[in-house]
Amino acid sequence: MSETKLSGRVAVVTGAASGIGEAIAKLCVAQGARVVMVDSDSIRLDAAAKSIGGDTVTLHADVGAPDTAALYVALAMRHFGRLDTAFLNAGIAGKVCRIEEVAVSDFDEVMRVNVRSVWSGIAALFPVMQSAGGGSIVVTASTGGVQGAPMVAPYIASKHAVIGLVRSAALEGARYNIRVNAVAPAPVDTPMIAHIAAGLGRGDMERARNRTLSHIPMRRYGGADEVARMMLFLASDDSSYSTGAVFLSDGGSTAGISL
Ligand SMILES: NC(=O)c1ccc[n+]([C@@H]2O[C@H](COP(=O)([O-])OP(=O)(O)OC[C@H]3O[C@@H](n4cnc5c(N)ncnc54)[C@H](O)[C@@H]3O)[C@@H](O)[C@H]2O)c1
């Protein structure tokens, strides 16, 4: 792989302290980008930035807070003088429980972190990217954004919602050369899937994992780096004619019923 797909460019990554966000931040640096790493977990964020090295700056912030997007856009402009791409990736699974057991506060929190953050991110990014003549925004959705799943209804609803935001934003951004796409992974080996498996298995992680894998034709979780490579493609000029699209990285799990 060439080492220069993002040479000279500046990227923002939310949820950069762990899992998929950390993997794409690392890949961006390897591909020549300077990176603003955003996360609410300051200890893990600092550790991730230190281990990635390169030209990064960190912002400890809650993506669901109203002013966070303006802060990371301003930080990118002040520190690096430009902003070319953003990975709106931070997210939470919420409680693993039946629909009737979901508390209003838990439902609202999943929507705040997973959906409002994407809307506020796109809204803050658009004017800067428009002035710069374009940009690429990549939103981490999920296969849970194109199909249902039991026991995580607010999460599933939130991922369907971000795909709607991606499609609407792509239509508004196209004339300004701003591309907006979603990546939709099936289960990926990160702390989030461990949290969901713990809830589904009610203590029996192995059973939960095996049940989940039985729905994935490739019979394995994805790797954060595998998803990151698809996100890099969407950020780079390699995907220059793609916008408003949902790119699956799912081991075949949405292709049909796996026997
Ligand atoms: N792991 C999976 O199986 C899977 C599958 C499909 C989609 N996704 C999506 O991928 C994205 C990344 O998840 P991951 O699997 O890497 O999980 P992860 O838990 O490893 O990482 C999520 C990161 O987001 C941060 N974060 C959470 N809430 C935040 C907030 N309010 N403000 C700022 N940062 C916050 C966390 O601190 C963490 O560093 C999420 O949007 C998730 O829904 C994950």
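Residues numbered from 1 in each chain as written. Predicted model: local features only at pLDDT ≥ 70, side-chain atom pairs only at ≥ 80, totals over all residues. Heavy atoms only, no water.

1. Brief notes about empty space enclosed by the protein
Where we set the bar: Put plainly, a pocket is an open set of points on a 1 Å grid over the protein atoms alone with protein on both sides within 12 Å along at least five of seven lines, a cavity is a set where a 1.4 Å probe fits but cannot get out, and a lining residue has an atom within 4 Å of a point. Grid points are joined across faces, edges and corners, and a volume is the space filled by probe spheres set on the points. The helix count covers DSSP runs of H or I at least four residues long, the strand count covers runs of E at least two residues long, and both are numbered beginning at the N terminus. Each residue gets one label: Ala, Val, Leu, Ile, Met, Phe, Trp, Tyr, Cys and Pro are nonpolar, Asp, Glu, Lys and Arg are charged, and the others, such as Gly, are polar.
Tallied over the full model, the rule gives two cavities of 30 Å³ or more. Taken as a whole, the largest cavity spans an internal volume of roughly 70 Å³. Along its surface, the largest cavity is lined by Thr14, Val63, Thr68, Ala69, Tyr72, Leu88, Asn89, Ala90, Ser117, Val118 and Ser120. Listed by contribution, the elements that provide at least two residues to the lining of the largest cavity are helix H3 (68-80) and helix H4 (104-132). The residue inventory of the lining of the largest cavity, partitioned by class, reads six nonpolar, five polar and no charged. Approximately 40 Å³ is the volume attributed to the second largest cavity. Considering the residues around the second largest cavity, the lining is formed by Ala93, Gly94, Lys95, Val102, Asp106, Phe107, Val110, Pro154 and Tyr155. Elements with a minimum of two residues in the lining of the second largest cavity: H4 and helix H5 (153-173). Looking at the lining of the second largest cavity, the element that brings in the most residues is H4, giving three residues. Looking at the lining of the second largest cavity residue by residue, the class counts come to six nonpolar, one polar and two charged.

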